[in-house]
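# Structural features, examined
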Amino acid sequence: MKVICDECNNEFEINCDMKLINNIEVTYFKCNECNKLYIICCVDEYIKKEQRRYKKLKNEGLKKICHKNITLHSNMLKKRMLKENAFKDL
């Protein structure tokens, strides 16, 4: 998939990488021109547990709630890690 960098307007193909930081799987990609970092998601043990639970759910209402909780938790992890400057080595 091609995207355009928010920083330098370079068009490039996404090449995702994953790195483990403090027991959190961080999936990300960078602009190949200016190296702007784009975080796709952050996954910890709580999210992995919720993903397993989500797969077993039959009720669509419960699935929506579970998906919302996973998204909120991932966003919270990302914000916390940004605040702690945890992505500096990516």
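For the structure, check the block above.
For the structure given in this document, a descriptive report is provided here. (Residues numbered from 1 in each chain as written. Predicted model: local features only at pLDDT ≥ 70, side-chain atom pairs only at ≥ 80, totals over all residues. Heavy atoms only, no water.)

Packing of helix 1 (residues 45-56) against helix 2 (residues 60-83) leaves a shortest axis separation of 10 Å and a crossing angle of 165°. The pairing of helix 1 with helix 2 is recorded here as roughly antiparallel in orientation. For the pair helix 1 and helix 2, the sense of crossing is left-handed. Residue-level contacts link Tyr46, Ile47, Glu50, Gln51, Arg53 and Tyr54 of helix 1 to Lys63, Cys66, His67, Asn69, Ile70, His73, Ser74 and Leu77 of helix 2. (Axes fitted to C-alpha atoms, helices over the stretch in contact; angles between N-to-C directions. Helix = DSSP H or I, 4+ residues; strand = E, 2+ residues; numbered from the N terminus. Parallel < 35°, antiparallel > 145°, perpendicular 65-115°, else oblique. Left-handed = near helix turned anticlockwise from the far one by under 90°. Contact = heavy atoms within 4.5 Å.)

The next thing to look at is the pattern of salt bridges. Applying the stated rule across the entire model yields four salt bridges. The partner of Arg80 in a salt bridge is Glu84, and the shortest N-O contact between them spans 3.8 Å. Given the relative accessible area of 47%, Glu84 is considered partly exposed. Each member of the salt-bridge network shares a partner with another, and the members are Glu25, Glu45 and Lys48. (Salt bridge = Lys/Arg side-chain N within 4 Å of Asp/Glu carboxyl O. Buried < 20%, exposed > 50% of the residue type's maximum accessible area, 1.4 Å probe, protein only.)

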